[in-house]
Amino acid sequence: MNSFDGKRLKNRRERRGLTKKSLAQEAGVNQRYITEWEESEGQVVPNEKQLVKLAKALDTDVRYFSMPWVGGVGEKNISFRAPTKMSRRNINAAVAFAQDGKEIGDWISSNYDCPKPDLPEINAIDTSPEHAALLVREAWGLGQAPIANMVRLLELHGVFVFSANGTAGIDFDAFSFFSDYRPYVFLSTNKSPERDRFDAAHELGHLLLHQHNDELSSKEREQEANDFASAFLMPRSGLLAQIPYSLSFEKIKVLKKGWGVAASALCVRLHKLDVLTDWTYHALFVRLSKEGYRAGEPDGMRYREQSKIMDFVMHDLYANHDAETLSRETGETMRDISDFAFGLKMVIKNKRKPGIGTGTRELDEKQF
């Protein structure tokens, strides 16, 4: 190992949800050493034996500690799905996850010709979330139809979408941020596919409405993002055109499948559009609770939406290059990379081919 950067040790420790004390215990070293290694700016570094212990305790590759520290992602840059419910430990883990995800995004951008960011400019102060959703649909040519795949739609318009699969004891929701003009969205893997789609639309709302708008409270920002997501996934005209004269609970179940949303989200939207009276809205939620729709999504979508970009990159590396290139050049283990790729795993079969080199592989619209 040629170098050691304490910032990377801190980043990986917080991503794993460990305190300095707990890491010291896991690695069998003095807690004071952890502080010195993280904060001494390279003046104090672990020896090779200690590095191996740290890597084992953090379930990571020793190479991770020697990679150049880029930084650039902080808590203030990130919009969290439910910030008031997050503990400091989970916030730190999410920030660390975002930092590592950005580095993977940088690597992909350097080696593959991904779609360029194409988010419409929205005057968030003078534009309601409902109207903003309509403007984005118009800009992206979506009309009033249901969205087939939210993850691939975002990727097609230049958003990197990663999963955020934390280690045991770490629980964070969806979040988003900009880095070097590239938008990022991270989705939890602990929800139903329908709720993932809503979270993706929610984070798109944050990216469009709150990048330069610091006047709103956290609660107001969350409500705006929720309103945007609801209107984006279930546009007024398209949804109302499918509403029958008599709206039964069974029809709700049919409609929610067609729009790819949770039954509860559909009821909230219909209530907001004055399709459901207060009494009917309440009665439907009582029925939803009895049938398990508040805790999950019975008879919901069978598969979680996946990242097309991560799928393409991992399969391209395996088929045409060196399957471990991404791992080697980012310091991330294959398991950690899988955490960003919605659980997608690359099978290594001692298959080595020439590296990527200086060229780029193009990811175009046909692949989405």
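Throughout what follows, the structure given in this document is the object of discussion.

What counts as what
- Residues numbered from 1 in each chain as written.
- Predicted model: local features only at pLDDT ≥ 70, side-chain atom pairs only at ≥ 80, totals over all residues.
- Heavy atoms only, no water.
- Helix = DSSP H or I, 4+ residues; strand = E, 2+ residues; numbered from the N terminus.
- Polar contact = N/O pair within 3.5 Å; in protein donor to acceptor, adjacent residues only side chain to side chain.
- Buried < 20%, exposed > 50% of the residue type's maximum accessible area, 1.4 Å probe, protein only.
- Contact = heavy atoms within 4.5 Å.
- Pairing = 2+ DSSP bridges.
- Phe/Tyr/Trp six-rings, centres within 6.5 Å; stacked < 30°, edge-to-face > 60°.
- Core = buried A, V, L, I, M, F, W, Y, C linked by side-chain atoms within 4.5 Å.
- 1 Å grid on protein atoms, 1.4 Å probe; cavity = no way out; pocket = protein on both sides within 12 Å on 5 of 7 lines; lining within 4 Å.
- Points joined across faces, edges and corners; volume = space filled by probe spheres on them.
- Nonpolar A, V, L, I, M, F, W, Y, C, P; charged D, E, K, R; others polar.
- Axes fitted to C-alpha atoms, helices over the stretch in contact; angles between N-to-C directions.
- Parallel < 35°, antiparallel > 145°, perpendicular 65-115°, else oblique.
- Left-handed = near helix turned anticlockwise from the far one by under 90°.

Brief notes about the side chain of Asp-322
Then comes step 1: The residue Asp-322 is located in the loop between helix 14 (308-320) and helix 15 (325-330) in this model.
Then comes step 2: At 3.0 Å, the side chain of Asp-322 forms a polar contact with the side chain of Arg-328.

Some thoughts on the side chain of Ser-192
Then comes step 1: Position of Ser-192 relative to the elements: it lies in the loop between strand 5 (182-188) and helix 8 (193-209).
Then comes step 2: Among the residues examined, Ser-192 registers a relative accessible area of 14% and is labelled buried.
Then comes step 3: Those residues in contact with Ser-192 that lie beyond four places of it in its chain are Glu-297 and Arg-304.

Quick look at the sheet that holds strand 3 (residues 160-164)
Then comes step 1: On the basis of which strands lie adjacent, the open sheet formed by four strands has the order 1-4-5-3 and mixed pairing. Looking at the sheet topology across the chains shown, the edges are occupied by strand 1 (79-80) and strand 3.
Then comes step 2: As defined by bridge partners, strand 3 adjoins strand 5 across five bridges and the pair is classed as parallel. Following the sheet pairing, Ser-163 is matched in strand 5 by Leu-187.

Side note on the packing of aromatic side chains
Then comes step 1: According to the stated counting rule, one finds 21 aromatic pairs in the structure shown.
Then comes step 2: Centre to centre, the rings of Phe-162 and Phe-340 are 5.9 Å apart; their planes meet at 75 degrees, and the pair counts as edge-to-face. Highlighted residues: Phe-162 in strand 3 and Phe-340 in helix 16 (residues 334-340), separated in sequence by 178 residues.
Then comes step 3: We classify Phe-162 as buried; its relative accessible area is 1%.
Then comes step 4: Ring geometry for Phe-228 versus Phe-232: centroids 5.5 Å apart, planes at 10 degrees, classification stacked. In this pair, Phe-228 and Phe-232 both sit in helix 9 (residues 218-233), four residues apart, roughly one turn of the helix. Of the two residues examined, Phe-228 and Phe-232, each falls in the buried class.

Topic: the nonpolar core
Then comes step 1: In this structure, Met-150, Leu-154, Phe-228 and Phe-232 are the most contacted members of the largest nonpolar core, which totals 51 residues.
Then comes step 2: The set of elements that each furnish at least two residues to this core consists of helix 6 (129-139), helix 7 (150-156), strand 5, helix 8, helix 9, helix 11 (249-259), helix 12 (263-272) and helix 13 (278-290).
Then comes step 3: Top contributing element to this core by residue count: helix 8, with seven residues.
Then comes step 4: Not counting the four nearest positions on each side in its chain, Phe-232 is found in contact with Ala-133, Val-136, Arg-137, Trp-140, Leu-142, Ile-147, Met-150, Leu-153, Ala-201 and Leu-204.
Then comes step 5: Of all hydrophobic cores here, the second largest spans 35 residues; its members include Met-86, Tyr-112, Phe-175 and Phe-340.

Notes on the layout of surface pockets
Then comes step 1: Of the volumes computed, that of the largest pocket is approximately 890 Å³.
Then comes step 2: Around the largest pocket sit 32 residues that line it, and Arg-81, Lys-85, Asp-173, Lys-191 and Asp-199 are the ones nearest its centre.
Then comes step 3: Every element with two or more residues in the lining of the largest pocket is listed here: helix 8, helix 9 and helix 12.
Then comes step 4: Looking at the lining of the largest pocket, the element that brings in the most residues is helix 9, giving seven residues.
Then comes step 5: Its residues assigned to classes, the lining of the largest pocket shows ten nonpolar, nine polar and 13 charged.
Then comes step 6: In this model, the second largest pocket occupies a volume close to 440 Å³.
Then comes step 7: Counting residues per element, the ones that place at least two in the lining of the second largest pocket are strand 1, strand 4 (175-179), helix 8 and helix 9.

Some remarks on empty space enclosed by the protein
With a probe scaled to a water molecule rolled over the atoms, the places where space remains empty come into view.
Then comes step 1: Using the criterion set out here, one finds one cavity of 30 Å³ or more in the structure.
Then comes step 2: When its volume is computed, the largest cavity comes out at roughly 40 Å³.
Then comes step 3: In terms of lining, the largest cavity is formed by Val-151, Leu-187, Pro-193, Asp-196, Arg-197, Ala-200, Arg-304 and Glu-305.
Then comes step 4: Sort the elements by how many residues they give to the lining of the largest cavity and helix 8 lands first, with four residues.
Then comes step 5: Across the lining of the largest cavity, the residue classes break down as four nonpolar, no polar and four charged.

Quick word on the packing of helix 1 (residues 6-15) against helix 5 (residues 88-111)
Then comes step 1: For the pair helix 1 and helix 5, the least separation of the axes is 7 Å and the interaxial angle reads 120 degrees. Between helix 1 and helix 5, the interaxial angle falls into the category oblique. Where helix 1 crosses over helix 5, the two elements pack in a sense that is left-handed. Residues Arg-8, Asn-11, Arg-12, Glu-14 and Arg-15 of helix 1 touch helix 5, and the partners they reach there are Asn-92, Ala-93, Ala-96, Phe-97, Gln-99, Asp-100 and Glu-103.
Then comes step 2: Residues that form the contact of helix 1 with helix 5 fall into these classes: three nonpolar, three polar and six charged.

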